[in-house]
Every structure is written in structure tokens, then in C-alpha cells.
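Next come the chains, spelled out residue by residue.
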Amino acid sequence: MLRVFNFRVGISRLYSVKAAKKDVKKYTDTINLPKTKFPNRLSAAKREEQERQLLADKIAVAYEYQEHRQLGGKRKPTFVLHDGPPYANGQLHMGHAVNKILKDITLRQRVARGQKVNYIPGWDCHGLPIELKATSAAEGQSAAEIRQKSRAFALEAIQSQKEEFSSWGILANWQKDNIYTTFHPEFIENQLQMFHNLYERGLVYRDLKPVYWSPSSRTALAEAELEYDANHISPSVYVRFALNPSGLEVETKGSQTYALVWTTTPWTLPSNQAICFNGSLEYVLVRLLDRNPSELYLMASALLSAFEASTQLKCEVVQTLPGSSLSTLTYKHPIDKEQTHLPFFDASHVQDSKGTGLVHTAPAHGPEDFLVSLDKKIPVKCMVNEAGAYTMEAPSFLRGQSVLEQGNPLVLQHIAEDVIHSAKLEHSYPIDWRTKQPVIIRASEQWFINTDRLKSRAAAALEQVDVYPRTNAEASKRAMLTQLQKRPYWCISRQRAWGVPIPVLYSRKSGQVVLNAALIEHLCSLLHSQGSMDFWWSRSLEDLLPPQIAADLGYEVKDLVKGSDILDIWFDSGSTWSAVLKKEQVADLYLEGYDQFTGWFQSSLLTSIAARDCAPYKALFVHGFTVDEKGHKMSKSLGNVISPKQITKKYGTDALRWWVASHGTQHTSITVSDKLLQKATENLSKVRGTLRYLKGVIGEKQREGREELEQPILDASFLNKYLLSNLLDFESEIEKLYNAYEYNRVVACIQNFIANQVSSIYVHLIKDRLYCGDDRELLAIRQTLTHCYRQLCKSLWPIAPFLVEESWSYYDPSGSAFHEQMVQAQKDWHDPKAVNVVNAALDVKRLINQQAGDVNSWHLAVTIKSGSQLELLRELQPAFGEPMRSSELSEILQVGSVAVVQTDLDEDLDISLTALDAPLCPRCRRYSLDEDAEQETCQRCAQVMESKN
């Protein structure tokens, strides 16, 4: 009872007239409070120690365990994820973390569902990046020295990277060193055999062709080894070529006519062998108004206005000509005065989109130019050496000069009177992906894969491949198909020392390729006995080649020479499927960055189609690349690099993995920032808190007690049924998202389920039963939350294995690891009725909360007038019309009492609230005490405490 005393100052104060009890009895010891030794948080030092221990005891053995695990029932086929090999050339960066952790999540989610996985980590050990780092680009080193240093460098990098990959919890057989490397003898033998097989079938051949050439690396490059400088500056030059009088009917007599050509590579003009035109275009002869009026210039009429705009030169059209009339024209070479009758050729690659409609053609320096030379049988003159300098075949004023540095100005200076207009052009230009220096197109003798014979079969196979994420799947597949169709050929030879030698001999006299199966077998035998291919460089051919093999080849040893080229590293990595996958095995998945559509995905597809006429993969999963919070690419020069080691030390390995799962699958640019990593840490901390609470409720008993908790639940509570039914749906949804590789949505789904179904609904509503209920109720809750805990562990283990294994060690004191478990929701948990019943009650609860405001709802008596929801609410409170305090409906609504009154079915829900004056039980804070009774607790609490005494 409260009375109001009014004071003159106008302040009202409330005083109780009941005498206060001198000693308030404590009931803490009688309440079932959650208890666990599982810590709420770990210090950085303790976390590092814990991670090392879990790695050694649990995570390191998980891969081998799943390999040998025998599961009952119908076995799922082994899931094969073929590892795209990273370069063995230095410290790991955030791109490695994204790639390897996404692969690990993919594998773990399969293992968690009882499926065996096959994953063999690999390393790409050859190539210029390793060679340059190992040798510090020092000049004058022998091939043997370069190979020795490169091998040592790669081995050291592999060991370092392997240890760090393992520290991230990556699921693989690290203990038995079950990895592959592209410099292992068995891998090289497989590669040599594949090369010979493709050569015998005509799919590999040697030819003189223009290829991308890097003067800075002194080697040919494949398209996948190019990057593009969007701000490269080239000269933009209009050059005239003097036409011979015969072959052109000019209406203006006595005029000198010129072909007008536009080029951005004047350095290629010394190699010019023809001018190409398009016979379907219209051409004009024009007079330039500020130049000699007797000079006429030939160009495409459609490009005249663009020419005037870019040069500011005014033109007068003198004559119009059909393109077909140009085929009889000849011209004089602007530099080599001895070439006075060079031809015009009709060619479809000439268009009226830019330039003049007349294309300067140098077969040694352009793919289209080269194809014209093949068709028209004109010579391919290459005057540029491996260093990108003019050779002795070049005009005297150019010899020894760099084509990229001095070539353009020297040529333009030499032909100054023939330069009609010169300017600068900023445009996208190919550069060497390693040295970042410009490349050129240069004709040289190289080895090629005949992609023309593979394209149609490769495209058909690619159509059957699934691409993830689904959002960009079709666009990604179309882009790969387009690039595949445009690829003219694949150059697989490189002019370096660190790699697999192309295993061919050449006739010293004719240069003809000399190769047979016996030679390959002999080289493979030497490879295994020597342990490497170094002998190819260190030993003479006389020492290497038995006379009998030479005789079988039709030569004496002295008449043969070894080849000096190595295989392209894209051929190395593109053939890894052949060395790693067994027999005709096809990988279920390749998972790499989206740049591999033009790289590893394509090289693997082409080699597999060539060797066995099928794709090496069933599905592709692509991810983006890491950038800083401003969207800038991470680089040492910008000072924005964050290494995985920094993150794991500061936030923990699971935080790194959580960040990858949250952001690594849905964006082409993956932002790395302390803000996002801190958010990942906070989210993990909340998950840890939930697992800790569940552990506290479940308790930490021995195996016998744990098995009791994993039994079917014999309880009629709708809340228990509600959570179990939601657990079944949760497991299904998580599995669907994992299978679609939508790991960001997996994270969101887990967080949403914990925050809503587990915390806000079930745990919040059963607290009275949990803390103050009887043993039967407590057992049912613990059984329900045991299933909840196990399902959460199953969904979390692929992403946060360290947290799950640590938590599991408190759940199962026998020492077993989570990867040894098989967690599966039971189909009989499906209970749509329970879900509908509880959701109907929750709808009522929301309305009560809106009306009650800040009032403690246990002090309220509620009357519900219900029509349409009557049958659902009746399940929770069978008695109609009379208030009940102990029904499950009152528990869910968390009110002192509730009465349900039937109304017409079409009437809306009506709720009325009445305040209760009686005090609440000091133990449970739920049930009201009868004011006239001399009881210390409510009847329910009294009975529970009595049963425990």
C-alpha cells in the first residue's frame, strides 16, 4: 500500500506504510543459473596460445581424419577442389587470405555435412617473378646459377607460405606434406609427356609469328601476362607514302599522289611491306589547302572530317574512287629507297572507324599484318632483337637503338618531309605484368598451341560449366567465351632459364624440329635420377644423348642442338589438373580471382580439351581483389598494405576468416579496413557470447550426461517445438547458401538466427522455466539448446573453426574434435503448427508491448478477444474465458495472467490490459503473491525448492 504526503513546497513523495523486512532472503542458490568455464573473451596472448594448441591438437589432423572416416548409409561422391597454385615468390598478402580462406570454407562446409573432400595445395614455382627476385636481376649469371638460386628461393617461399596457410586453419594434409609443386620431377615428367602427346597430334607446333614481346624481360608473353597502362603516351602521326603513277587514273594531270596513313608506332615503318585497304569503302583524293597544290592525298571519304578535326588541315576533294580500284596501286617505301613497288592489299581488318582507311602493314609487328603476309606470300622482316633494339638489318641510323625509346623520334626525324601531322595520343597500351614496362609485337620463332582446333570444343564444354556467384555468372561466362574466340594462338615458349625446358632437338643445319617418344622417355629417366632438369643446361648434348637414340632420329649427335626455350608458366599451371587429378577425374570446383577467366581457367580448359576432350572443372567460383577503404589497390608505394599476419595478431584468425566470409564473395573490390575488421571481431564476440550462454545452460558433464541431452525431447512445450522446427529450416537454409557459395549471406543468416530465433525469442521467453522451473522442464530446455548448440557449431565451423573447436572442448571433455561429429537435424522436428502457434502469440505480445510501454509486463493481467487466431491461441491456453497464470501463453506473453475470450471470426484482435497490485515472487519475479497469504514465494517455486531438498 502506498500513501501520498504533500509538502508545502509542492513536491510529492511516496512512502510505504508497510514495515520493511529486516533480512531479505536470497534465492540465488536455488536458481538454475548457466555455468561454464568457457571464457567470455581471451587476451591477445591467450588467444595466440589457444590457436596454436587447437592447430596442433585438432585442426591439423582434420583433413586426414575426414579422408579415412567411414560413414554409414549412402556415400556422397568425394568433392574435389583443385587448387590454383600461387607463386612461390614472397610473403602472403590479403589476396592470398581471401582465396585460401574461401577455399577452406568451401571444403569445411562439405565435411560438416559428412562429405569427403579432396584438396591438394600447390605452388607455381617457375617463371620470371621468381627468377628476378632470386637473382636480383644481376647480369651475366649462367643458366645453372639462375636455376640454383631460383629453386632455393622458391623452396624457402613455399615453406614460409605453407606455415602461414596452415596457421589460418586451412584444411589440408600439411603434416604429411601432401602438396604439389611445378618443379617436382613427377610433375615435370607429366608435363613433358603431355607436350609430346600434343606435338604428335599436331596441336603443338613451332612457327615464326608476331607475339607480344617484353624487351625488359627479354621474352615472349601470353595475353594473360599483360596489363594495360591507361595513360600511355604514343605519337599520333599521319605519314604519306608516294604512289607510283601507274595503276591510278587521276583526273588532275601532273599531280604527285600519296597514300595517307595514320600510325602510333612509327618505329615499325622500316619493316613496312604493304598498305592495306578495304575494297568496300569509298576513297577520295584530296588537296591540302596549305600545302603544294600539285600534291594529292588518298584516304577513305568517311574519315575525311575526322582527319580535318584532328589535324586542323582543310581539305578539298578532287576525286572520288571506289575501294576496289586500289588493288593495282603500288608505292615507294618511305625509308628503304630500293623498295619502289610495294603492293596494296584488300583486307577486312581495315575499317572506317579511325585513321585514314589505309593501314601501314609490317608483318613482323602485327597479327593482322602477319596474316596478310601469309595469304599474300610477302616477306616477314624483323629488324628488332630480344632487347627491343634495332639489328644490323635495320637502316644504319637506327642500328643498336631502342625501338621504344629512340625509335619513334629517329624515324620521324628521318622522314620529316613525309610527316603531314604529328601529335601525342594518350591511350591504353599493353605492359609487362611483371616489370610494368611497355611491350612490343615482334615476330620470332616460337612454340604454339593450335587454339583454332580447340576453340569450338572448349566453348561447348564451357557452356556446361556452372559459374558462381550467380549474380554475374552469365556475363562472366560470355566474357570468357568471347576472349576464347578472339585468341589467335597461344604462345607457350619463353626465353628464360628458370622453367621446364621444351624437350626438343633441332637439326644444326636446317633448324628442323627433332623429337620422338624415345627421347622423351630418356629425358624423363634422367629427370628422376638427377632430381631436376638442370642437366639440360649443364651437360653437353654428346653427354646427354645416347648414340642409338640419335640414330633412331636419323642424325648423328654432332648434327643436333638442344632447344633453349622453356615452357610458359601458364602451360605449367594449366596442366596441373593432369598431374594432380587422378585418371579422367574432373574437379568439382576451381576457385580463383575473376582475372583468371583470361588466365588459369582458360589455360586449364585448353590443355584439358587438347589432352582428353573435356573441361577440367564442373564449376568456377570467382572472387574480387582487395583494396583499401578508399578503393585504392594495396601497394607498398602507397603505404596502405595490411598483411594477414598483422590482422591475425591484432584480431585473431577467426576474425580474418569472418571478414573474408562477410565480404569476399559478393564484390569485385573487397575493402580491407580496421573498421570492417573491428566489426568482424565484434560480431564474433557476440557469437562467442551466445555459445557461452548455451554452454552454461547445457552444462559441462561427462559423456553419459551429454548423450542424454542429445536424445529426442519428450516435452509438449510449443516453444521447444518452435525452436527445433526453426533449427531444421535453419540447417536447410544454411546448406542452400553454402552450396551457392553465398558466404556473406551465410554470415547474415547465422547472425539473424542467433539474434532472433535463439536470443530474442526462445532464450528470452524460457528464462523463467530455465532459472526457476522443475527438473523435467530444465531437461527439456537443455536438450533443445543442445541441438541448437550443435547446429550452430555446424554452421559456424567452416567460417570460425578455432572458436567452434575451443567451445567444443568444453562441451565434450572426452577430447574429441568437432570434425569428428556428424550433426544432422531430425526430420520429425518439422512442426509448422508449433511455428504458427508461437508466431500468433508473438503477434499478440508485440501489441501488448506497444500498449504497456515501460511497465513490467508481469504486473499485467491481459484479456484477449480473438476471432481468427482463436484456434492457434487455444493450443497455448485451452481454458477459455478465465484468466490463467501458468499457461504457456502467459509465459510467451510474459504477463501475470491472461484470459482468452472468443469473438466472431471476422472481428479484429482486441487486447485490454489491467495492472495487478500484488507483489511478485522474490525468487522467480513472475508469479504474484497472494497479499493475504503468509508465503515467501509463489506456490510453483515452493514446490520446486521442496523437491530439491
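Residues numbered from 1 in each chain as written. Predicted model: local features only at pLDDT ≥ 70, side-chain atom pairs only at ≥ 80, totals over all residues. Heavy atoms only, no water.

Going by what an unreviewed UniProt entry lists, the protein is known as isoleucine--tRNA ligase and is assigned to Drosophila pseudoobscura pseudoobscura. Recorded in UniProt under Sequence similarities (unreviewed entry), the annotation for the protein is "Belongs to the class-I aminoacyl-tRNA synthetase family." (UniProt positions renumbered as here; feature names shortened; annotations may be inferred.)

All buried positions along helix H19 (residues 644–651) are accounted for by Pro644, Ile647, Thr648 and Tyr651. The buried residues of H19 occupy one face: seen down the axis, they fall within an arc of 95°. Exposed and oriented more than 90 degrees from the buried face of H19 are Lys649 and Lys650. The secondary structure elements touched by the buried residues of H19 are helix H1 (44–57), helix H3 (94–112), helix H5 (143–167), helix H20 (653–663) and helix H21 (674–698). Just past H19, the residue Gly652 takes up positive phi, approximately 105°. (Buried < 20%, exposed > 50% of the residue type's maximum accessible area, 1.4 Å probe, protein only. Helix = DSSP H or I, 4+ residues; strand = E, 2+ residues; numbered from the N terminus. Arc of directions from axis to C-beta. Contact = heavy atoms within 4.5 Å.)

All right, on to the sheet that holds strand E14 (residues 315–322) then. One open sheet holds the six strands; their spatial order is E14-E12-E13-E10-E9-E18, and the pairing between them is mixed. Each end of this open sheet is capped by a strand with a single partner; those strands are E14 and strand E18 (419–432). The mean inter-strand angle of the sheet, taken between neighbouring strand axes irrespective of direction, is 25°. Bridge analysis of strand E12 (residues 282–288) against E14 gives seven bridges, and the strand direction is antiparallel. In the strand pairing of E14, Glu282 is matched with Pro322. This element, helix H7 (residues 304–311), spans strand E9 (226–242), strand E10 (256–263), E12, strand E13 (295–300), E14 and E18 of the sheet and lies at about 150° to E14. (Pairing = 2+ DSSP bridges. Axes fitted to C-alpha atoms, helices over the stretch in contact; angles between N-to-C directions.)

The next point concerns the pattern of salt bridges. Summed over all chains, the structure comprises 41 salt bridges. Residue Glu742 pairs with Arg745 through a salt bridge whose shortest N-O separation is 2.7 Å. Notably, a salt bridge pairs Arg769 with Glu891, separated by 2.8 Å at the nearest N-O pair. Within this pair, whereas Arg769 is found in helix H25 (residues 767–772), its partner Glu891 is found in helix H30 (residues 888–893), the two being separated by 122 residues in sequence. Overall, Glu891 belongs to the buried group, its relative accessible area being 5%. If you follow the salt bridges from partner to partner, you end up with Asp83, Lys100, Lys103 and Glu592 in one network. (Salt bridge = Lys/Arg side-chain N within 4 Å of Asp/Glu carboxyl O.)

Attention now goes to H3. With 19 residues, H3 ought to run about 27 Å at 1.5 Å a step, and its terminal C-alpha atoms sit 26 Å apart, in line with that. Of the residues flanking the end of H3, it is Gly114, one or two places downstream, whose phi is positive at about 90°. (Expected span 1.5 Å × (residues − 1).)

The subject of this paragraph is the pairing of strand E3 (residues 79–82). Where burial is concerned, the two faces of E3 agree: the one with Phe79 and Leu81 and the one with Val80 and His82 are both buried. Across two bridges, the pairing between E3 and strand E4 (residues 117–118) is parallel. Pairing of Phe79 across the sheet is with Val117, part of E4. Between the parallel pair E3 and E4, the chain is carried across by H3, and the sense of this crossover is right-handed. (Right-handed = clockwise from strand over helix to strand, strands pointing away.)

What follows deals with the sheet that holds strand E32 (residues 897–902). What the three strands build is an open sheet, ordered E32-E31-E33; its pairing is mixed. The open sheet has two edge strands with one neighbour each: E32 and strand E33 (910–915). Averaged over all pairs of adjacent strands, the angle between their axes in this sheet comes to 15°, without regard to strand direction. As paired strands, strand E31 (residues 860–866) and E32 are joined by six bridges and run parallel to one another. Across the sheet, Lys865 pairs through a bridge with Val901, a residue of E32. This element, helix H28 (residues 832–852), spans E31 and E33 of the sheet and lies at about 50° to E33.

What follows deals with the packing of H21 against helix H24 (residues 743–765). Interhelical geometry of H21 versus H24 gives an angle of 40° and a closest axis separation of 11 Å. As summarised for this structure, H21 and H24 are arranged oblique, according to the angle between their axes. The element H21 and its partner H24 pack so that their crossing is left-handed. Here H21 contributes Asn683, Val687, Thr690 and Tyr693 to the contact with H24, which in turn contributes Gln751, Ile754, Val758, Ser759 and Val763. Of the residues in the contact of H21 with H24, the class split is five nonpolar, four polar and no charged. (Parallel < 35°, antiparallel > 145°, perpendicular 65-115°, else oblique. Left-handed = near helix turned anticlockwise from the far one by under 90°. Nonpolar A, V, L, I, M, F, W, Y, C, P; charged D, E, K, R; others polar.)

With 12 bridges joining them, E9 and E18 adopt antiparallel strand pairing. Along E18, the bridge assignment pairs Val237 with Ser422. The pairing of E9 with E10 spans six bridges and is classified as antiparallel. Bridged to Val239 within E10 is Val261.

Bringing the domain arrangement of the protein into the picture now. The assigned domain composition of the protein is domain 1 (230–433), domain 2 (503–564), domain 3 (674–830) and domain 4 (852–917). A separation of 31 Å is found between the C-alpha centroids of domain 3 and domain 4. On the domain 4 side, the residues contacting the eight residues of domain 3 number six residues. Sorting the residues of domain 3 by area buried against domain 4 places Phe718, Leu719 and Leu765 first, and these three jointly supply 69% of that buried surface. Across the contact surface, domain 3 and domain 4 share two salt bridges. Summed over the shared surface of domain 3 and domain 4, the result is five residue pairs in polar contact (both at pLDDT 80 or more). For the side of domain 3 that touches domain 4, the secondary structure elements donating two or more residues are helix H23 (718–739) and H24. (Domains from an automatic or database assignment. Buried area = accessible area lost by both parts, 1.4 Å probe. Polar contact = N/O pair within 3.5 Å; in protein donor to acceptor, adjacent residues only side chain to side chain.)

Trp659, Tyr743, Leu792 and Leu889 are the most contacted members of the largest nonpolar core, which has 124 residues in total. No other element matches H24, which puts 12 residues into this core. Summarising the domain contributions, this core has at least three residues from each of domain 3 (674–830) and domain 4 (852–917). The contact partners of Trp659, leaving out residues within four places of it in the chain, are Met94, Val98, Thr626, Gly664, Ile670, Thr671, Val672, Leu676, Leu677 and Ala680. Counting residues in hydrophobic clusters, the runner-up holds 69 residues, among them Phe195, Leu462, Met533 and Ala615. (Core = buried A, V, L, I, M, F, W, Y, C linked by side-chain atoms within 4.5 Å.)

So, on to the state of the cysteines. One way to say it: the disulfide is the covalent bond shared by the sulfur atoms of two cysteines. Counted by the stated rule, this structure contains zero disulfides. With no disulfide of its own, Cys924 lies closest to Cys941 among cysteine sulfurs, the gap being 3.7 Å. Overall, Cys924 belongs to the buried group, its relative accessible area being 11%. Cys941 takes part in no disulfide bond, and the closest cysteine sulfur to it belongs to Cys938, at a distance of 3.4 Å. (Disulfide = S-S within 2.5 Å.)

Time to look at a negative patch on the surface. Negative charge collects at one region of the surface, where Asp904, Glu907, Asp908 and Asp910 lie side by side. Mapped onto the elements, Asp904 comes out in the loop between E32 and E33. Assessed through its relative accessible area of 49%, Asp904 is described here as partly exposed. (Patch = residues over 30% accessible without salt bridge, like charges linked within 9 Å, V, L, I, M, F, W, Y side chains within 5 Å. Areas by Shrake-Rupley, 256 points an atom, 1.4 Å probe, with all protein chains shown as cover. Lys, Arg positive; Asp, Glu negative; His and termini not counted. Charge placed at Lys NZ, Arg CZ, Asp CG, Glu CD.)

Let us now look at the environment of Pro488. Tracing the backbone through its elements, the reader meets Pro488 in the loop between helix H11 (473–486) and strand E21 (490–491). The spacing of Pro488 and Thr451 is 37 residues in sequence and 7.1 Å in space, taken between C-alpha atoms. Beyond its immediate chain neighbours, meaning those up to four positions away, Pro488 contacts Glu223, Thr451, Asp452 and Lys455.

Before going further, it helps to examine the side chain of Glu888. As for its position among the elements, Glu888 is in helix H30. When its relative accessible area of 15% is taken as the criterion, Glu888 is described as buried. Polar contacts involving the side chain of Glu888 include one to the main-chain amide nitrogen of Phe718, which spans 3.0 Å. A distance of 2.9 Å separates the side chain of Glu888 from the backbone nitrogen of Leu719, its partner in a polar contact. Residues within four places of Glu888 in sequence aside, it is in contact with Ala716, Ser717, Phe718, Leu719, Arg769 and Leu876.

Positionally, His830 belongs in the loop between helix H27 (801–811) and H28. Given a relative accessible area of 48%, His830 falls into the partly exposed group. Ignoring anything within four residues of it in the chain, the contact list for His830 reads Ser725 and Leu728.

Pro469 follows Tyr468 through a cis peptide bond whose omega is 0°. Within the secondary structure, Pro469 is located in the loop between strand E20 (466–468) and H11. The backbone of Gln894 shows a phi angle near 55°, a positive value even though the residue is not glycine. Tracing the backbone through its elements, the reader meets Gln894 in the loop between H30 and E32. In this structure, Arg925 is a non-glycine residue whose phi angle is positive, near 55°.

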